[in-house]
Amino acid sequence: REQAENAARYRLVTENIPDSAVFLFDRDLRYTLAAGPALPYRSSPNRAIEGLTLWEALPPDRAAQLAPFYEATLRGEKSDVDFTFGERTYNTRFIPVEIEENIIGGLIVSLDITQRVKAEQIRRESEARYRLVAENIPDSAVYLFDREYRYLLAAGPALNGYDHINRPVEGRTIWEVLPETQATA
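Residues numbered from 1 in each chain as written. Predicted model: local features only at pLDDT ≥ 70, side-chain atom pairs only at ≥ 80, totals over all residues. Heavy atoms only, no water.

(A) Spotlight on the overall build of the protein chain. The helix and strand inventory of the protein chain stands at six helices and seven strands. When the elements of the protein chain are put in sequence order from the N terminus, they spell out α-β-β-α-α-β-β-β-α-β-β-α-α. Buried positions account for 32% of the 185 residues belonging to the protein chain. Pairs at least 24 apart in sequence give 30% of the contacts found in the protein chain among residues at least 6 apart. (Helix = DSSP H or I, 4+ residues; strand = E, 2+ residues; numbered from the N terminus. Buried < 20%, exposed > 50% of the residue type's maximum accessible area, 1.4 Å probe, protein only. Contact = heavy atoms within 4.5 Å.)

(B) How the structure looks around the packing of aromatic side chains. Under the counting rule described, the total for this entry stands at 11 aromatic pairs. Here the aromatic rings of Phe 69 and Phe 83 are separated by 5.4 Å at their centres, their planes lie at 90°, and the arrangement is edge-to-face. Of the two residues, Phe 69 sits in helix α3 (residues 60-74) while Phe 83 sits in strand β3 (residues 79-85), which places them 14 residues apart along the sequence. With a relative accessible area of 23%, Phe 69 lands in the partly exposed category. Residue Phe 83 is classed as buried on the basis of its relative accessible area, which comes to 9%. Among the aromatic residues, those joined into a cluster by ring pairs are Phe 23, Phe 25, Tyr 31, Phe 69, Tyr 70, Phe 83 and Phe 94. (Phe/Tyr/Trp six-rings, centres within 6.5 Å; stacked < 30°, edge-to-face > 60°.)

(C) Summary view of the pattern of salt bridges. In total, this model carries eight salt bridges according to the counting rule given. Between Arg 116 and Glu 120 there is a salt bridge; the shortest N-O distance is 3.7 Å. Of this pair, Arg 116 and Glu 120 both sit in helix α4 (residues 114-135), four residues apart, roughly one helical turn. Judged by relative accessible area, which is 45%, Arg 116 ranks as partly exposed. Residues joined by salt bridges that share partners form a network here, namely Arg 123, Glu 127, Arg 131 and Glu 170. (Salt bridge = Lys/Arg side-chain N within 4 Å of Asp/Glu carboxyl O.)

(D) Just the nonpolar core, in detail. The biggest cluster of nonpolar side chains holds 19 residues, and the ones touching the most others in it are Phe 23, Tyr 31, Leu 54, Leu 66 and Tyr 70. Counting residues per element, the ones that place at least two in this core are β1 (20-26), β2 (31-35), α3 and β5 (102-112). Ranked by the residues each element gives to this core, the list is headed by α3, at five residues. Among the nonpolar cores identified, the runner-up in size contains seven residues, and Ala 154, Val 169, Ile 174 and Val 177 belong to it. (Core = buried A, V, L, I, M, F, W, Y, C linked by side-chain atoms within 4.5 Å.)

(E) Structural view of the pairing of β5. In the sheet, β1 pairs with β5 via seven bridges, with the strands oriented antiparallel. Along β5, the bridge assignment pairs Ser 20 with Leu 111. Where strand β4 (residues 88-99) and β5 come together, 10 bridges link them in antiparallel fashion. From the neighbouring strand, Phe 94 faces β5, where its bridge partner is Ile 108. Between β4 and the antiparallel strand that follows it, β5, lie two residues; Glu 100 among them carries a positive phi value of about 50°. (Pairing = 2+ DSSP bridges.)

That's the geometry; what it means functionally is another story.
This is how it looks when you write it as structure tokens:
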């Protein structure tokens, strides 16, 4: 009875962590828990892989990709890696489960980071467009700063003649780049 209550508590917690999937596996790589709103195969029942081994639950190519992480977990190693499963991207952590200094299995926590990955891609594309424009305006230099006066962008043909700008400036503040007399002017 106590074991059933504990399992119900684990499931309640794991089913309610947003954008996540949580798995427990034993030393035989058999899933003992699979729960969470971000399960990669959400159209199947939540417990579809519970009781199955990694090799039984997943296609052979996916199982082969993941097996080294499972095995490393059973050796006591933690891993943190991003995987794409279908059209979704997950940040996945593999954590050994120990009882009295004996590793009895592993815990996997996967967070769906698809939206973050897409936003980062949009940001990189936008930055590339700004940079392309800035680098191609004749006889000019374009600077973008954040609120702390840190260079976000410093580009353009006119930068080539400035000795104080001939080193990388992006990521540095105006006070780190310019001589003190020019930075405070």
